[in-house]
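# Remarks on the overall topology
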Amino acid sequence: MAVFVALGAFLMTLAGGWTAQRVTDRRHLVLGLAGGLMLGVVGLDLLPEAMHAAGDEVFGVPAALLLFVAGFLLAHLVERLLAARQAAHGGEEKDGRAPEVGLTAAAAMVGHSAMDGVAIGAAFQVGGGMGTAVALAVVAHDFADGFNTYTITSLYGNARRRALGMLFADAAAPVVGAASTSFVTIPEGLLGAYLGLFGGALLYLAAAEILPEAHHEHPARSTLLCTVAGVGFIWLVVGLAG
């Protein structure tokens, strides 16, 4: 049952990526929506889950929050280092962005989707009701995952072929994750640490790259409304799942 539900997540992820590539003539709206979806996923989904799973404190601060900040700084550091390496070797960049950053971010999205599949499998081991609730949440927000994966890979200057490859990997990840629960159980603390670190990196990309790019050439009210709509959509998904 878990793998069957994960196939729904597979299709929803592909639908999100298809939508992102079909509306290229409204790129600023796509980026505004993607920024809102990423902000919503981080603030309303990933960070609360990380706080719950990795509840220990380190010198008075929850470990999940420390890892969240570390993820933000790590994303900034990796982006700067890759950009500097590209410039030093005469590599091509798009608007000062290293394509490897987009691929790295997309790979992190794939890892997150795999964790979604693990969550589906674990929830069905607890019970059918729990499994259904988690599955609905995952399937709903995998549309946003597919949308963001394609958008962020393309934004950093990667070819369409690479963006589609990362999209298909992101779509397959929940199925693999759900199937893996038959063999592997991930410790809750480790899962919380990963979510915190990934959430910080995702917030950096949304705040420092996606949203500024969305408003660079088209600082329109419609772009801002798309960002708010993205956050609202994730809030709706989280609320329905709860």
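Residues numbered from 1 in each chain as written. Predicted model: local features only at pLDDT ≥ 70, side-chain atom pairs only at ≥ 80, totals over all residues. Heavy atoms only, no water.

## Here we look at the overall build of the protein
The line we're drawing: Per the convention used, a helix needs a DSSP run of H or I reaching at least four residues, while a strand needs a run of E reaching at least two, with both numbered from the N terminus. Throughout, exposure labels follow a simple rule: accessible area from a 1.4 Å probe, protein chains only, divided by the maximum for the residue type, with under 20% read as buried, over 50% as exposed, and the rest as partly exposed. Computed by Shrake-Rupley with a 1.4 Å probe, the accessible areas treat only the displayed protein chains as cover when residues are assessed.
Each helix and strand in the protein was counted, giving eight helices and two strands. Within the span of the protein, comprising 242 residues, buried residues form 44% of the whole. Of the roughly 11,600 Å² of accessible surface on the protein, a fraction of 70% belongs to carbon and sulfur atoms.

## Some remarks on the nonpolar core
Short version of the rule: Joining through side-chain atoms within 4.5 Å is the link that ties buried Ala, Val, Leu, Ile, Met, Phe, Trp, Tyr and Cys residues into a set, and such a set is a nonpolar core. The contact rule is simple, with two residues in contact once any of their heavy atoms fall within 4.5 Å.
Counting 39 residues, the largest nonpolar core has Met-38, Leu-46, Ile-152, Leu-202, Leu-205 and Ile-210 as the members making the most contacts within it. Beyond its immediate sequence surroundings of up to four residues, Ile-210 is in contact with Leu-31, Ala-34, Gly-35, Met-38, Ile-152, Leu-155 and Leu-205. If you look at the next biggest cluster of nonpolar residues, it comprises five residues, including Ala-106, Val-110, Ala-114 and Met-166.

## Things to note about the packing of aromatic side chains
Here is the rule: Each Phe, Tyr or Trp ring, with Trp reduced to its six-membered ring, pairs with another whose centre is within 6.5 Å; inter-plane angles below 30 degrees give stacked pairs, above 60 give edge-to-face pairs, and intermediate values give tilted ones.
A full pass over the atoms with the stated rule returns one aromatic pair. Taking the centre distance of 5.2 Å and the plane angle of 90° together, the rings of Phe-72 and Tyr-204 count as edge-to-face. Placement of the pair is Phe-72 in helix H3 (residues 63–88) and Tyr-204 in helix H7 (residues 188–216), with a sequence separation of 132 residues. Residue Tyr-204 is classed as buried on the basis of its relative accessible area of 6%.

## Comments concerning the layout of surface pockets
The condition is simple: In this analysis a 1.4 Å probe is tested at points of a 1 Å grid over the protein atoms alone, and where it fits but cannot get out there is a cavity; an open set with protein on both sides within 12 Å along at least five of seven lines is a pocket; lining residues have an atom within 4 Å of a point. Grid points are joined across faces, edges and corners, and a volume is the space filled by probe spheres set on the points. Under this grouping Gly is polar, as are all residues other than the nonpolar Ala, Val, Leu, Ile, Met, Phe, Trp, Tyr, Cys and Pro and the charged Asp, Glu, Lys and Arg.
Here the second largest pocket defines a volume of roughly 310 Å³. If you trace the second largest pocket, you find 16 residues lining it, with Leu-74, Ala-75, Thr-104, Ala-108 and Ala-201 closest to the centre. For the lining of the second largest pocket, the secondary structure elements donating two or more residues are H3, helix H4 (99–126) and H7. The element contributing the most residues to the lining of the second largest pocket is H7, with seven residues. Tallied by class, the residues present in the lining of the second largest pocket amount to 13 nonpolar, two polar and one charged.

## Quick look at the environment of Ala-201
Among the secondary structure elements, Ala-201 is positioned in helix H7. Between the C-alpha atom of Ala-201 and that of Ala-70, which follows or precedes it by 131 residues, the distance is 8.2 Å. What Ala-201 contacts, discounting residues up to four positions off in sequence, is Gly-71, Phe-72 and Ala-75.

## Topic: the confidence of the model for the protein
Convention followed: The predictor reports its confidence for every residue as pLDDT, a score running from 0 up to 100.
Model confidence for the protein is summarised by a mean pLDDT of 78, while 81% of its residues fall at 70 or above. Model confidence for the protein, summarised as mean pLDDT per element, is weakest for helix H5 (residues 128–155) at 72 and strongest for strand S2 (residues 61–62) at 90.

## Quick look at the side chain of Ser-113
Residue placement: Ser-113 occurs in helix H4. Using a relative accessible area of 0% as the deciding quantity, one classes Ser-113 as buried. The residues touching Ser-113, leaving out its near neighbours within four places in the chain, are Asp-142, Asp-145, Asp-170, Ala-173 and Pro-174.

## Quick notes on a nonpolar patch on the surface
This is how the line gets drawn: Like charges are joined within 9 Å and nonpolar side chains (Val, Leu, Ile, Met, Phe, Trp, Tyr) within 5 Å, but only among residues with over 30% relative accessible area and no salt bridge; these make up the patches. A side-chain nitrogen of Lys or Arg and a carboxyl oxygen of Asp or Glu constitute a salt bridge if their distance falls within 4 Å.
On the surface, Met-51, Val-58, Phe-59, Val-61, Leu-65 and Leu-66 cluster together to form a nonpolar patch covering roughly 550 Å² of accessible area. Residue placement: Val-61 occurs in strand S2. Among the residues examined, Val-61 registers a relative accessible area of 31% and is labelled partly exposed.

## Re helix H2 (residues 27–53)
Selection rule: One less than the residue count of a helix, multiplied by 1.5 Å, gives the span that helix is expected to have. One axis fitted to the seven residues ending at a residue, another fitted to the seven starting there: the angle between these axes is the bend at that residue.
End to end, H2 covers 37 Å across 27 residues, agreeing with the expected 39 Å (1.5 Å per residue, within 8%). Considering bend angle alone, the principal kink of H2 is centred on Val-42 and spans about 35°.

## Some words on the side chain of Thr-151
Inspection of the secondary structure assignment puts Thr-151 in helix H5. Take Thr-151: its relative accessible area is 7%, and that puts it in the buried class. Those residues in contact with Thr-151 that sit more than four places away from it in its chain are Ala-20, Val-30, Leu-31 and Ala-34.

## Focus: unusual backbone geometry
At Phe-59, a residue that is not glycine, the phi angle is positive and equals roughly 55°. Mapping Phe-59 onto the fold places it in the loop between strand S1 (57–58) and S2.

## Description of the packing of H2 against H7
Under the convention used in this document: What counts as an axis is a line fitted to C-alpha atoms, over the stretch in contact for a helix, and the angles between N-to-C directions run from 0 to 180 degrees. Angular relationships are summarised with four words: roughly parallel below 35 degrees, roughly antiparallel beyond 145, roughly perpendicular across 65 to 115, and oblique for the angles in between. A crossing counts as left-handed when the near helix is turned anticlockwise from the far one by less than a right angle, and as right-handed when that turn is clockwise.
Contact geometry of H2 with H7 gives a least axis separation of 8 Å together with a crossing angle of 155°. One way to sum up the angle between H2 and H7 is to call them roughly antiparallel. Considering only the axes of H2 and H7, their crossing is left-handed. A per-class count over the contact of H2 with H7 returns 18 nonpolar, nine polar and four charged.

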